[in-house]
Amino acid sequence: VVSFLGGLFCLFVAIGSGLAAYDDINLSAHVVQHLFLMMIGAPLLALGRPVTLIAQAGSRTTQVRVLKIVNSKVLQVLSGPAAAVLYYGSMWVYFVTPLYAYAGTHDIFHIGTHLYFTAVGYLFWQGIIGLDVSRHRISHALRLATLFLGMPVEAFLGLTIMSMSKPIAPGYTVSDTHTGGATFWISSMFVMTVAIIVSLRQWMQAEERKAARLDAALDAALDLDRAIAAQRSAEHPKPVEAG
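Residues numbered from 1 in each chain as written. Predicted model: local features only at pLDDT ≥ 70, side-chain atom pairs only at ≥ 80, totals over all residues. Heavy atoms only, no water.

## Points about the side chain of Thr146
No. 1: Note that Thr146 resides in helix α9 (residues 140-162).
No. 2: Looking at Thr146, the relative accessible area reads 15%, which means it is buried.
No. 3: In this structure, Thr146 is in contact with Ala84, Tyr88, Phe124, Ile128 and Ile138, ignoring residues within four places of it in sequence. (Helix = DSSP H or I, 4+ residues; strand = E, 2+ residues; numbered from the N terminus. Buried < 20%, exposed > 50% of the residue type's maximum accessible area, 1.4 Å probe, protein only. Contact = heavy atoms within 4.5 Å.)

## Focus: a nonpolar patch on the surface
No. 1: Nonpolar side chains collect at one region of the surface, where Phe156, Leu159, Trp185 and Ile186 lie side by side and expose about 410 Å² of accessible area between them.
No. 2: Breaking the nonpolar patch down by element, the ones donating at least two residues are α9 and α10 (174-235).
No. 3: Considering the arrangement of structural elements, one finds Phe156 in helix α9. (Patch = residues over 30% accessible without salt bridge, like charges linked within 9 Å, V, L, I, M, F, W, Y side chains within 5 Å. Areas by Shrake-Rupley, 256 points an atom, 1.4 Å probe, with all protein chains shown as cover. Salt bridge = Lys/Arg side-chain N within 4 Å of Asp/Glu carboxyl O.)

## Side note on the environment of Met162
No. 1: Relative to the helices and strands, Met162 resides in helix α9.
No. 2: Using a relative accessible area of 28% as the deciding quantity, one classes Met162 as partly exposed.
No. 3: Once the C-alpha coordinates of Met162 and Ser175 are considered, the two residues, 13 residues apart in sequence, prove to be 8.8 Å apart.
No. 4: Apart from the residues lying within four places of it in its own chain, the contact partners of Met162 are His178, Gly181, Ala182 and Trp185.

## Section: the packing of aromatic side chains
No. 1: Going through the model one piece at a time under the given rule, you end up with 14 aromatic pairs.
No. 2: Centroid distance Tyr94 to Tyr100: 5.4 Å. Interplanar angle 70°. Geometry classified as edge-to-face. Like Tyr100, Tyr94 is buried.
No. 3: Members of the aromatic cluster, each reached through a chain of ring pairs, are Tyr94, Phe95, Tyr100, Tyr116, Phe117, Tyr172 and Phe184. (Phe/Tyr/Trp six-rings, centres within 6.5 Å; stacked < 30°, edge-to-face > 60°.)

## Some details on the packing of helix α1 (residues 2-15) against helix α2 (residues 27-47)
No. 1: The geometry of α1 relative to α2 is characterised by a closest axis approach of 7 Å and an angle of 165° between their N-to-C directions. One finds that α1 runs roughly antiparallel with respect to α2. For the crossing formed where α1 meets α2, the hand is left-handed. Seen from α1, the contacting residues are Ser3, Phe4, Gly6, Gly7, Leu8, Cys10, Leu11, Val13, Ala14 and Ile15; seen from α2, they are Gln33, Phe36, Leu37, Ile40, Gly41, Leu44, Leu45 and Leu47.
No. 2: Residues belonging to the contact of α1 with α2 are distributed by class as follows: 13 nonpolar, five polar and no charged. (Axes fitted to C-alpha atoms, helices over the stretch in contact; angles between N-to-C directions. Parallel < 35°, antiparallel > 145°, perpendicular 65-115°, else oblique. Left-handed = near helix turned anticlockwise from the far one by under 90°. Nonpolar A, V, L, I, M, F, W, Y, C, P; charged D, E, K, R; others polar.)

## Let's talk about the packing of α2 against helix α6 (residues 81-96)
No. 1: Relative to each other, α2 and α6 sit at 160°, their axes nearing to 13 Å. What the angle tells us is that α2 and α6 run roughly antiparallel. Between α2 and α6 lies a crossing whose hand is right-handed. Two secondary-structure elements touch here, α2 through Leu27, His30, His34, Met38 and Met39 and α6 through Tyr87, Met91, Tyr94 and Phe95.
No. 2: Looking at the contact of α2 with α6 residue by residue, the class counts come to seven nonpolar, two polar and no charged.

## Describing the pattern of salt bridges
Side chains that differ in sign of charge can pair as their charged atoms come close.
No. 1: Throughout the structure, instances matching the rule amount to two salt bridges.
No. 2: Across the salt bridge formed by Glu207 and Lys210, the nearest N and O atoms sit 3.7 Å from each other. Of this pair, Glu207 and Lys210 both sit in helix α10, separated by three residues, roughly a single helical turn.
No. 3: Here Asp223 ties to Arg226 by a salt bridge, and the two come within 3.1 Å at their closest N and O atoms. Here Asp223 and its partner Arg226 are both found in helix α10, three residues apart, which amounts to about one turn of the helix.
No. 4: Looking at Asp223, the relative accessible area reads 47%, which means it is partly exposed.

## So, the nonpolar core
No. 1: The biggest cluster of nonpolar side chains holds 48 residues, and the ones touching the most others in it are Tyr87 and Trp125.
No. 2: The element that contributes the greatest number of residues to this core is α2, accounting for 11 residues. (Core = buried A, V, L, I, M, F, W, Y, C linked by side-chain atoms within 4.5 Å.)

Written out as structure tokens, the structure reads:
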């Protein structure tokens, strides 16, 4: 509940607070906005188990529809490596191509980018640290590899923005562009470091649960063997030897 409400609060800060008033005139503010949408709000929503909540609190019809969507082939593709490609690739396409300048002058497209980045962020983080059960989840080792490989991708994007010789869009300055690149670089590295720690912790917890299940299964097998041996001993008692 705390994670889910925290995710909703981050979405509000990104698009409903005073921060949104500066996203088209200050690159650092826009970077912080995307930080709250993709890198903080989205993972908190994923940790809030929204699909599990809908499935448990909804009607039988809602449960069937939700499970059908979650287990669909489309989400199977989007929840795998494609989510990482969309997550990291979208940042590059948005900030390096003319799309960023276009979004600043077209409000509907700008709002659409917010929805898109939030959805892509949720798909990415659900596959990395999300707690909703899904048969499309990748292994813990692959999750960590995705985070480690993504760090240089994001760092290089921040450095690329910092090295731009022209403003990223009309209305910005070169200095503001470089500051925005530095903000992206530092904040993204911090978020990815925290995510790696969380992912490692989840992997350790999964291994502990696996070990506990294995111990329980071994104990049950030993108890069964003892019960069978006791039953056989009772059915075929040893003859009493003559003194």
